Amino acid sequence: MSGTEEGSQDDSDDQQFPKSLANQSLSERLKQQALEVHRMLQQLESEFRDEDCQTYYILSKNWFEKWKLYVGYDNVLKNESVPIQPGQMIPQNYNQDLLEQYVNECFKYSPLSTNPWNLWLKPDLQEGIHYIVISQQLSSYLNQYYRGTPISRNTFGYSSNKQLIVNLLKFNALLIIPSTISQIAQDSITQFDKEYLQVDPNVNLSDYYEIIIQTVPTFRGNYNGVRIWRFHNPNDPHKALFAEIKKQVQDLDITDDLAFNFSGSPIQISCTITFSSLNLTDKDIILIEFQKQYKPWCIRHPTVPLEGKCEGCSNITVLNYPCICKKVSYCTEQCKINDERFHRNKCDPLGSDDEQVKNIQYTPHSVQGLAGLSNLGNTCFMNSGTQCLSNTYQLTQYFLSNQYFDEINEDNPLGTKGLLVRKFGSLIKKLWCGEKNVVTPSSFKKAVGQFQPMFKGFQQHDSSELITFLLDGLHEDLNRVKKKPYVEAKDSNGRPDVEVAKESWQNHLARNQSIIVDLMHGQYKSTLKCPTCQQISITFDPFLTVGLSIPNRKQKSIQVKVIQSVVQIQSRYLSFDGSKKNMPLKDFVQEYVVGEFKIQADSELLYFSIFMNDISDPINPEVEINVVRKNAKRGGYLVVKVLSEDERKIAKDERIYISYVQKAFDSYGHSFKKIIQETTYLIIKKEYSLAQIHLGIFKNLLPIFCDIIKENELDTDEKLREYYEQNIHGKYFNIHSKQNFMVMQKDCIFCNSKNCQECEVNYYSQETYETAQQKEMANRNNQMLKVELLVFWNKSPFQNINAGEIYQYYQSQQYRKQMEEENNNNNENDNNNNNNGKGKMMGKNYTNTFMMDQQVKVTLQECLRFSEQPEQLAEDNAWYCSQCKEHVQAYKSMQIYKASDILIFTLKRFKATHGYFKQKLETFVEFPVNGLDLKEFIINKNKPHENNDIEEEQKGLIYDLYAVSNHFGGMGGGHYTAFAKNQKNQKWYNFDDSQVSELDEDQIISKNAYLLFYKRRTEQEQQQTQTFNTQELN
């Protein structure tokens, strides 16, 4: 058997050699192996001290002994015959017993496959007991015949002092790169795991540094620098280091440098210092920091210049001029001055530590509640709810006076150990005592997300849910009850309501006491009635907000999207009188859509619907709106497309409808293609060539190329064609056939193959649409022929913007320009009016007087009465009747028994339809701004914490509105704002994310009101103010 045959074994440790007459030949081969190994071992022993070689190998002593028995090593050396042992096992997997099975390795050194430091051995191996030393020649020789893991090690010293270093120095290690800091800031990493590296203890730090430099290119990402640091902590260095970094980066914004101040020390890179001389222990961590190209270092330390990206000129350089907020720095004083107006909004010199927050006080320049909140990405719901709570002045005063620090309950398992309340308190102080007109609530958002994970990320949410969860979280963080007792709810059993209510409230207070309970918790009277035996059960339950159902006035609604150009797309829900459900679509659009979306009166419109990006055929304008609404109701919507000038020129009986969708790779590593703009139609003639189809789509997309070419520069067909061929075609996007799954078995009209997978539509083809459609002759009489195309973007027309984000970027730039123009206009108006004029409502124009006049209106009082009506429980929520001894669908009614100082009404505008999707009720709810008299709707005039023996007749139930959370648009989108009354100057303001503008009181009541915040008048206020009963409007 050849050496190759001997070495070709399966994955088991040993293999039985086949019994054959070839045993005698095998014996000769094994004898030769024994002699060769012996010769090389003797050669190594005689030359080891003097030869100029630094790399040797080790071999498992245990495996070597098995091998000696296998080849008859001792017999061969004594020149004795080797007995033939049929079926003898061949030893394999040499050195397996020396390897450490699992080590949490920080990274691998370069070269990755051959660096001996990447191979982890069991600790404290001893020569002669666990291994023997062999030469590279012997290792290669054995590797020809046997399977295993070669283990190389380097020597230290020379001549008689020469020794092989087998046991390497193992130490705690941590790789510091920007992505690590980003993950800590985003709570993706919650602790540092113990990771290790190993090194020859005699290597000097200069050589080690060079090895790390060579290792850098093995990492994905552009890194171009290395620094090495040491961190020591006598207790738990990993925990201490993580806490040190987390404290500094948790408040970083997306645009901030991913950097932190480091309390450890730098490692001096010197050829005279070895690793062993560092005397590392398990209380030390070696940090290896990589610098990302064009990014600053992550670690800041007094021993090195502060280096990073200058916020003024964007150069990576030494920064000697830090801002007072310590978030940004500059290379020159001039850069700092130039960037001041851009950085001003996010500059936060106040800090967030307890002592820093306590010291924040009013100054002559404090904004006193008139500060906006930056939108961090779909966080308008949070900004709206937060501004409403910020203007809940009793609560705000509690935070501004620092009272909350004395009541933080860090031991409550239902709270956040004080994190949420600290971040909220800090935010309130900055909104009232700070001097910035815009506050960035990054750390507050993170705290909310930690308390309720549904608010992590940047998805749109409900401001009502946010307020509920936020107030619950603040309550638990401020709960004065340190140990909650077990309480058992009891039924009324015929007892007086006063007695049962008092008992229930005392049970509630036994577990819940905080400023939130004091100001906002009220008490419901809940009545259940059995439909069979008429038995009644009465309970009293605490509430935080009052949900009000809206009476149905036979209103219908439909989601409408209007496409006026590729960059001018609007979508919203429209409500209309149910009596007009049989109105033709074209008449509905003229009455409800044209004015709402500001469509030019002479525009020609195309109608179709979309559901899950599946586009319908064009809809006949004579179809009833109710038919369209039903088809679009299950999560889809009606699309109204304004035809371009070229499309309008095509006669209706010659029109061919081609649909196209736009896609691009996502922004996270090109893992999948995402839709960046939904499907729409392009109208062509059947005589159009494929090139004309290309140009038609490009002409529609021209507005998105605004940074490259102006539309009026391509005012002729020839200019358009030349520019497309020279600058656009194949460079920014390609056009493909989007084969419909339902017609996969038909031949593709562009490539003539079945099962076509997005073939490219050839611009230079001589075919026309008509010739490509020859195989569809049966459909020639169909004037609604539909072809689906895919526009795939592979390059963005905007510099440094991913192709998948081009439309979001365009919209954000347009919005920014709009805000700047409005700011400038407001500043001019303020100057012209000597600061005496009212500021206009800034931001998006979401309301429309014409549409408001069309709304069927209900009053808040009608909603209150409607919500008191009994409702039958659903079958899956049945109530157990103790008299009938079975679960029944009882009738349940809820009434407000007692209300506290603050009363929050939630108008139930969103209802589930078809199991999953929600529909928004656009009913206009009228509500009083002042003097809401609730004596008809609250059973007991006492506040929940007041003694029930106090004469109720002496009390009033007059409430005044002080804040409104508004919702514009439909589900899955839309926008939230807040109206709030400033208690300092008694004026109303519109809070639209970062924009704040003054309002007239008659602008407060709108169809967009979602949450209403009312404050109860004190007895003194009721005596001083001439009250009146709010008249209900019919």
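It should be noted that the structure appears before, not after, this text.
No experiment lies behind these values; they were computed from the predicted model shown.

**Student:** Explain helix 19 (residues 585-597) here, please?
**Tutor:** Think of an α-helix as 3.6 residues a turn; residues three or four steps apart then line up on the same face. Along its length, helix 19 shows its largest kink, about 35°, at Glu591. For helix 19, every residue scored as buried is listed here: Leu585, Phe588, Val589, Tyr592, Val593, Val594, Glu596 and Phe597.

**Student:** How do you make sense of the packing of helix 14 (residues 419-432) against helix 16 (residues 463-477) when you look at a structure like this?
**Tutor:** A packed helix pair is summarised by two numbers, namely the angle formed by the two axes and the spacing between the axes. The geometry of helix 14 relative to helix 16 is characterised by a closest axis approach of 8 Å and an angle of 110° between their N-to-C directions. Of the possible angle classes, the one that applies to helix 14 and helix 16 is roughly perpendicular. Note on packing geometry: the crossing formed by helix 14 with helix 16 is left-handed. Facing Leu419, Leu420, Val421 and Phe424 of helix 14, the residues of helix 16 in contact are Leu470, Gly473, Leu474 and Asp477. Looking at the contact of helix 14 with helix 16 residue by residue, the classes come out as six nonpolar, one polar and one charged.

**Student:** Please explain the packing of aromatic side chains as it appears in this structure.
**Tutor:** Two aromatic rings are characterised by how far apart their centres lie and by the angle between their planes. Taken as a whole, this structure holds 51 aromatic pairs when the rule is applied. Summarising the aromatic geometry, the rings of Phe798 and Tyr809 are spaced 5.0 Å apart at their centres and angled 55° between planes, so their arrangement reads as tilted. Of this pair, Phe798 sits in the loop between strand 31 (786-793) and helix 25 (806-832) while Tyr809 sits in helix 25, and the two are 11 residues apart along the sequence. Looking at Phe798, the relative accessible area reads 4%, which means it is buried. Of the residues examined, Tyr809 reaches a relative accessible area of 24% and is grouped as partly exposed. Of the aromatic side chains, those joined through ring pairs into one cluster are Phe107, Tyr109, Trp117, Phe171, Tyr208, Phe219, Tyr223, Phe275 and Phe290.

**Student:** Sorry, what's going on with the nonpolar core here?
**Tutor:** Within soluble globular proteins, side chains that are nonpolar generally end up buried alongside one another. Of all hydrophobic cores here, the largest spans 54 residues; its most connected members are Phe399, Tyr404, Phe424, Leu470, Leu471, Met520 and Phe1013. Looking at which element gives the most residues to this core, the answer is helix 14, with seven residues. In this structure, Val567, Leu702, Tyr723 and Tyr807 belong to the second largest nonpolar core, which totals 40 residues.

**Student:** Could you clarify how one ought to interpret the sheet that holds strand 5 (residues 151-156) in this entry?
**Tutor:** Sheet strands line up and pair through hydrogen bonds in the backbone, either parallel or antiparallel. Taken in spatial order, the four strands line up as 4-2-5-6 in an open sheet, and their pairing is antiparallel. Looking at the sheet topology across the chains shown, the edges are occupied by strand 4 (131-134) and strand 6 (163-164). Along the sheet, helix 3 (residues 61-71) makes contact with strand 2 (55-60) and strand 4, crossing strand 2 at roughly 70°.

**Student:** I would appreciate a short explanation of the side chain of Gln662 in the present structure.
**Tutor:** Relative to the helices and strands, Gln662 resides in strand 28 (residues 656-665). Judged by its relative accessible area of 2%, Gln662 is buried. Side-chain polar atoms of Gln662 contact the side chain of Tyr807, separated by 2.6 Å. Here Gln662 is in contact with Val566, Lys674, Ile675, Ile676, Gln677, Leu701, Val791, Trp793 and Tyr807, once residues within four sequence places are set aside.

**Student:** Can you walk me through unusual backbone geometry in this structure?
**Tutor:** Peptide bonds are, in most cases, trans, and in most cases residues other than glycine have a negative phi. Cis rather than trans, the peptide bond between Ser110 and Pro111 has omega equal to -5°. Relative to the helices and strands, Pro111 is located in the loop between strand 3 (89-91) and strand 4. In this structure, Asn402 takes a positive phi of about 65° despite not being glycine. Within the fold, Asn402 resides in the loop between helix 13 (393-400) and helix 14. Non-glycine residue Gln986 carries a positive phi angle of around 60°. By the element assignment, Gln986 lies in the loop between strand 43 (975-981) and strand 44 (988-992).

**Student:** Could you clarify how one ought to interpret the environment of Val964 in this entry?
**Tutor:** In this fold, Val964 is placed in strand 42 (residues 958-968). Taking the C-alpha atoms as reference points, Val964 and Ser1006, 42 residues apart in sequence, are found 10.0 Å from one another. The contact partners of Val964, leaving out residues within four places of it in the chain, are Cys388, Phe927, Thr977, Ala978, Phe979, Ile1004, Ala1009, Leu1011 and Leu1012.

**Student:** How should the side chain of Ser965 be read in this particular structure?
**Tutor:** Along the chain, Ser965 falls in strand 42. Among the polar contacts listed, one links the side chain of Ser965 to the side chain of Ser384, at a separation of 2.7 Å. Polar contacts involving the side chain of Ser965 include one to the side chain of Ser463, which spans 3.0 Å. Aside from chain neighbours lying at most four places away, what touches Ser965 is Ser384, Cys388, Ser463, Tyr976, Thr977, Asn1008, Ala1009, Tyr1010 and Leu1011.

Cut-offs used in this document
Residues numbered from 1 in each chain as written. Predicted model: local features only at pLDDT ≥ 70, side-chain atom pairs only at ≥ 80, totals over all residues. Heavy atoms only, no water. Bend = angle between axes of the 7 residues up to and from the residue. Helix = DSSP H or I, 4+ residues; strand = E, 2+ residues; numbered from the N terminus. Buried < 20%, exposed > 50% of the residue type's maximum accessible area, 1.4 Å probe, protein only. Axes fitted to C-alpha atoms, helices over the stretch in contact; angles between N-to-C directions. Parallel < 35°, antiparallel > 145°, perpendicular 65-115°, else oblique. Left-handed = near helix turned anticlockwise from the far one by under 90°. Contact = heavy atoms within 4.5 Å. Nonpolar A, V, L, I, M, F, W, Y, C, P; charged D, E, K, R; others polar. Phe/Tyr/Trp six-rings, centres within 6.5 Å; stacked < 30°, edge-to-face > 60°. Core = buried A, V, L, I, M, F, W, Y, C linked by side-chain atoms within 4.5 Å. Pairing = 2+ DSSP bridges. Polar contact = N/O pair within 3.5 Å; in protein donor to acceptor, adjacent residues only side chain to side chain.

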